Amino acid sequence: MVTKLKKTRKKSKLKDLWRRLKKNRLAVAGLIVLILLIFIAIAAPLLAPYSYSAQDSKASYSTGTAEHPLGTDKLGRDLMSRLIWGARASLEMGAIAVAIAAAVGITIGAIAGFFGGWTENICMRVLDIYQSIPMLLLCITIAAILGPSLQNAIIALGVCSVPGYARLMRASVLTVREKEYIESARAVNAGNARIILQHIVPNAMAPLIVEITMGVGSMILAGSLLSFVGLGVQPPTPEWGTMIAEGRNVMREHATLALYPGICVMLSVLACNLLGDGLRDALDPRLKN
Amino acid sequence: MLRFIRNRLLMMIPIVLGISFIVLLLLEITPGDPAKMLLGTQATPERLAALRAQLGLDDPILVRFVNFLWQIVHGDFGTSFMTKRPVFEEMIMRMPYTLVLVGISLAVSVGLGIPLGVYAATHHNTWKDNGAMFISLFFVSMPVFWFALLLVRFFGVELRWLPLSGIDSWQSWILPIVATSLGFVATIARQTRSNMLEVIRQDYIVTAKAKGLPERKVIYRHALKNALIPIIMVIGNMFGLLIGGALITEVIFGIPGLGQYTIAGLTGRDYPVIQGSVFMLSVMFSLVILIVDVVFAIVDPRIRSQSGRKKHKDQKDGNKIEENTQKIEA
C-alpha cells in the first residue's frame, strides 16, 4: 500500500515536470537535439557513410562533393563521418565526467551538510583551498600530468568540478535537514546512513538537477578544449576538439575543417543549456500555473 | 570593519599553504617515476638518482613541503628544465601580459554585459530581449579557442585588419580580448537580466513607481543597484574563469604571458615551470578575490557585519539555495 502510494506520487511529479517543461519550446528543442546526439553517438557505425579512418587519397581536401557532402581532410577522410564518430567521445566525456563529479560532490556535500560541526568545517575549508586554483588551470594540469588520453581527460574534468556540486548539495541539505520527516525518520530509529540515503538525498536533489544538466554542457566544452591542446582523445580517433586542432593548421585554405566540429560542440552545449534553463523554470514553483 | 579585513587576511594563510601543498602533490600523481619520465628510458641509474635528489623525490612528503615553502618564500621556484632559466624571473616578466589581458577582458565583460542585461530586462518579452538572449546563449555555448581561430581567420587573414598573433602594438590586443571576453559578456548579460527581472517584481520597486518616480530613476537607482549585488560578488570568481580562458587565448594569439608559459611547461613536462605557474596564477586569483571582498566590505555594510570569509562564502551558497528552496518543495 505504502509503496503503491509512493509510486503514483513519484510518477505524477515527473509528469508534472514534463507537462511544464514541454511548454517551453526552446527547452524541448534542446532535449530533442540531445536525444538526437545520443542516438548519433550510439548508432555511429550505422550512420556514418565511411569509417572515421578510411582514407581516400584521390579526395584530399575536397569540398562538398556527392561522395563527401562536407568535404574531406588532408588524408581524404570524410569529414561528416568523423563528425558523427566524434559525437561519441564528446558525449562520453560530458556524461562520465559529470557523473564522477556529481557522485563525489553529492556524497561530500550530503555528509558535510548532514553532520555539520567539524566535519562540515573541514570539508568546506578543503573545498575553499581546492577552489582557489582556477578550475580550468587545475583541469589542464591534472590531465597533462596524468598523460594524454580520453580516460585521463575524463578523470581530470570530473575531479575539477567536484566542489561546485558539493557546495550546492551541502546548502540544499541544510534546508532539508530540519524538516519534520527527518525527525520522524529519526524517531523510528533509522540510522544515519538510512536517513541520508533514503530521506535527505532524494529530497535535496532538485536544485542539482539543473546543475547537472548544464554541467554536461560545460564538460563537453572543457573536454573539447582538453582535446584541442592535445590532452584528450588521441588521433586517429575523432573528437570535435581534436578535429578543430587538426583543422587549425590549414585554417587559411580550408576553414570548414575547423568550422564544422566547432559548430557541433556549440550545438550540443547549447542544447544542454536550453534544457537546463527550461528545467530551472519548470522546477520553479513561482512560475507554476 | 578592521576585524573583517583582518579575518579575511588570515584566511589567506591556509589558502596559500593549501595551494602550495596541491602544487607539490602534482608531482606525486605523475604515473610512474617522474625522473624516469623526464630523462627517458635510456637514462643511466646515476643520472636518475641525481635528478631524483635534485627534485627531492626521495624525501618524505612533509620534508619536501617545508623545503618547498622555504624556497617559495625566497622567490625560488627552481630553474626550467627546458630553458635553464629561473622560473620566478620568467614569471615576473610574463605576468604583465596576463594581467593586462585578463584585466581588460574583465572590464569589457562587466562594462558591456551589465548594460546589455539591463536593456534586455527593460524590454522584457519583446523581440529585442529574446534576440539578445538567444544570441548570448550562442556565445555562452561556444568553445573559446574555436571562436578565437575564427576571429583570426576572418579579421586577420580575410580582411587583414588586425595582426594575427604576437604583441607589437595596441591593435594586437583587440582580438585576444574580444575572444576572451565575449562569452563572459554574454554570461553577465544573462545574469543581470534575470536578476533585474527578479528585482522588478519586489515591493520596493512598486513603491518607487507609486511615488511617481520616473521609470529611468526606478530602474537605475532602485532596481539595478540591488540586481548588481550578486553579480559583483562573483567578479572575483570571474577572474579565475578568465585566467582559464587566457591559457588558451595566449597560446592561440602568441601572447608571451603566464598562460602560454604554463601550457609550454605542461606539454614539456617541465615540473618547476608547472609548479611555479600554477602557484602564481592561483595566488593571483586568491588575491583578487581578497581585494574584491575587502572593497565590497567597505562599500556594503551587510557583508561587513559577517566577519571572515567563511560565513561570507557559505552565505553565498545560501543565497543560491534560497532561490532553489521552493523548487525542492515543488
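Details of the structure are given in the entry above.
Residues numbered from 1 in each chain as written. Chains lettered and ligands numbered in written order. Predicted model: local features only at pLDDT ≥ 70, side-chain atom pairs only at ≥ 80, totals over all residues. Heavy atoms only, no water.

Asker: Which parts of the structure should I look at to understand the overall build of chain B?
Answerer: When you go through chain B residue by residue, the secondary structure sums to 15 helices and zero strands. Counting only residues that meet the buried cut, chain B has 49% of its 330 residues in that class. Surface exposure of chain B reaches about 15,900 Å², of which carbon and sulfur atoms provide 65%. (Helix = DSSP H or I, 4+ residues; strand = E, 2+ residues; numbered from the N terminus. Buried < 20%, exposed > 50% of the residue type's maximum accessible area, 1.4 Å probe, protein only. Areas by Shrake-Rupley, 256 points an atom, 1.4 Å probe, with all protein chains shown as cover.)

Asker: Explain the overall build of chain A here, please?
Answerer: Summing up its helical and strand segments, chain A has 13 helices and zero strands in all. In chain A, the succession of helices and strands from N to C terminus is α-α-α-α-α-α-α-α-α-α-α-α-α. Across the 289 residues of chain A, 52% fall into the buried class. Considering only contacts in chain A between residues 6 or more positions apart, those separated by 24 or more positions represent 71%. Approximately 13,300 Å² of chain A is accessible, and the part contributed by carbon and sulfur atoms is 65%. (Contact = heavy atoms within 4.5 Å.)

Asker: Even after reading the chapter, I still don't get a positive patch on the surface, so can you show me in this structure?
Answerer: Residue and element names in this part refer to chain B. On the surface, Lys211, Lys217, Arg221 and Lys225 cluster together into a patch of positive charge. Mapping lysine 225 onto the fold places it in helix α10 (residues 215-233). Look at lysine 225 and you get exposed, because its relative accessible area is 57%. (Patch = residues over 30% accessible without salt bridge, like charges linked within 9 Å, V, L, I, M, F, W, Y side chains within 5 Å. Salt bridge = Lys/Arg side-chain N within 4 Å of Asp/Glu carboxyl O. Lys, Arg positive; Asp, Glu negative; His and termini not counted. Charge placed at Lys NZ, Arg CZ, Asp CG, Glu CD.)

Asker: It is not clear to me how α10(B) should be interpreted in this structure. Could you clarify?
Answerer: Structural remark: α-helix, 3.6 residues per turn; residues separated by three or four positions point the same way. Residue and element names in this part refer to chain B. The end-to-end C-alpha distance of α10, which contains 19 residues, comes to 26 Å, matching closely the 27 Å that a straight helix rising 1.5 Å per residue would cover. When the local axis directions of α10 are compared, the greatest deviation, roughly 45°, occurs at leucine 224. Listed as buried for α10 are Val218, Ile219, Ala223, Leu224, Ala227, Leu228, Ile231 and Met233. (Expected span 1.5 Å × (residues − 1). Bend = angle between axes of the 7 residues up to and from the residue.)

Asker: Mind showing me how you'd approach helix α12 (residues 240-248) of chain A here?
Answerer: Taken across its nine residues, α12(A) has seven buried, putting it largely inside the fold. Of all the residues in α12(A), the buried ones are A:Trp240, A:Gly241, A:Thr242, A:Met243, A:Ile244, A:Ala245 and A:Gly247. Looking at the buried side of α12(A), the elements it contacts are α2 (25-42), α4 (79-115), α11 (206-228) and α13 (256-283) of chain A together with α7 (144-158) of chain B. By the N-cap criterion, in which a side-chain oxygen at the helix start approaches the backbone nitrogen of a residue two or three places on, α12(A) is capped by A:Glu239, the distance to A:Gly241 being 2.5 Å. (Polar contact = N/O pair within 3.5 Å; in protein donor to acceptor, adjacent residues only side chain to side chain.)

Asker: So what exactly am I meant to see when it comes to the packing of helix α9 (residues 203-210) of chain B against α10(B) here?
Answerer: When two helices pack together, their arrangement is captured by the angle between the axes and the distance separating the axes. All names here are of chain B. Running from N to C, α9 and α10 cross one another at 160°; their axes reach a closest spacing of 10 Å. Here α10 runs roughly antiparallel to α9, going by the angle between their axes. The handedness of the crossing between α9 and α10 comes out as right-handed. Residue-level contacts link Tyr204, Ile205, Ala208 and Lys209 of α9 to Glu215, Val218, His222, Ala223 and Asn226 of α10. When its residues are assigned to classes, the contact of α9 with α10 shows five nonpolar, two polar and two charged. (Axes fitted to C-alpha atoms, helices over the stretch in contact; angles between N-to-C directions. Parallel < 35°, antiparallel > 145°, perpendicular 65-115°, else oblique. Left-handed = near helix turned anticlockwise from the far one by under 90°. Nonpolar A, V, L, I, M, F, W, Y, C, P; charged D, E, K, R; others polar.)

Asker: For this particular structure, what's the right way to read the interface of chain B and chain A?
Answerer: When the parts come together, some accessible area is lost, and that loss is often what is quoted as the size of the interface. Listed as interface residues are 59 residues of chain B and, on the opposing side, 59 residues of chain A. Here chain B and chain A share an interface that buries about 5,400 Å² over both sides, 72% of which is from carbon and sulfur atoms. Here chain B is connected to chain A by one salt bridge. Its salt-bridge partner being A:Asp277, residue B:Arg190 comes within 2.6 Å of it at the nearest N-O pair. Seen at the junction of chain B and chain A, the total is six residue pairs in polar contact (both at pLDDT 80 or more). Listing elements by their share of the side of chain B that touches chain A, those giving two or more residues are α1 (2-28), α6 (127-141), α7, α8 (171-200), α11 (235-253), α12 (258-267), α13 (271-299) and α15 (309-329) of chain B. Counting residues per element, the side of chain B that touches chain A draws most heavily on α15(B), which supplies 13 residues. In the side of chain B that touches chain A, the residues fall into 35 nonpolar, 12 polar and 12 charged. (Buried area = accessible area lost by both parts, 1.4 Å probe.)

Asker: Would you take a moment to explain the pattern of salt bridges for this structure?
Answerer: When the charged atoms of two side chains lie near each other, side chains of opposite charge can form a pair. A full pass over the atoms with the stated rule returns 12 salt bridges over all chains. A salt bridge links B:Arg94 to B:Glu90; its shortest N-O distance comes to 3.4 Å. With B:Arg94 and B:Glu90 both in helix α5 (residues 87-122) and four residues apart, this pair spans about one turn of that helix. Note on B:Glu90: relative accessible area 8%, which makes it buried. Bridged by salt links that share partners, the residues A:Asp16, A:Arg19 and A:Arg20 form one connected network.

Asker: Sorry if this is basic, but what is going on with the packing of aromatic side chains here?
Answerer: Two aromatic rings are characterised by how far apart their centres lie and by the angle between their planes. Residues and elements named next belong to chain B. Per the stated rule, a full pass over the model turns up nine aromatic pairs over all chains. Each ring, one from tyrosine 97 and one from tryptophan 173, has its centre 6.3 Å from the other, and the planes form 25°; the classification is stacked. One end of the pair, tyrosine 97, is in helix α5; the other, tryptophan 173, is in helix α8, with 76 residues separating them in the sequence. Note on tryptophan 173: relative accessible area 14%, which makes it buried. Ring geometry for phenylalanine 154 and phenylalanine 155: centres 5.2 Å apart, planes at 85°, overall edge-to-face. For phenylalanine 154, a relative accessible area of 43% gives the class partly exposed. Three or more aromatic residues joined by ring pairs form one cluster here, namely Phe77, Phe88 and Phe279. (Phe/Tyr/Trp six-rings, centres within 6.5 Å; stacked < 30°, edge-to-face > 60°.)

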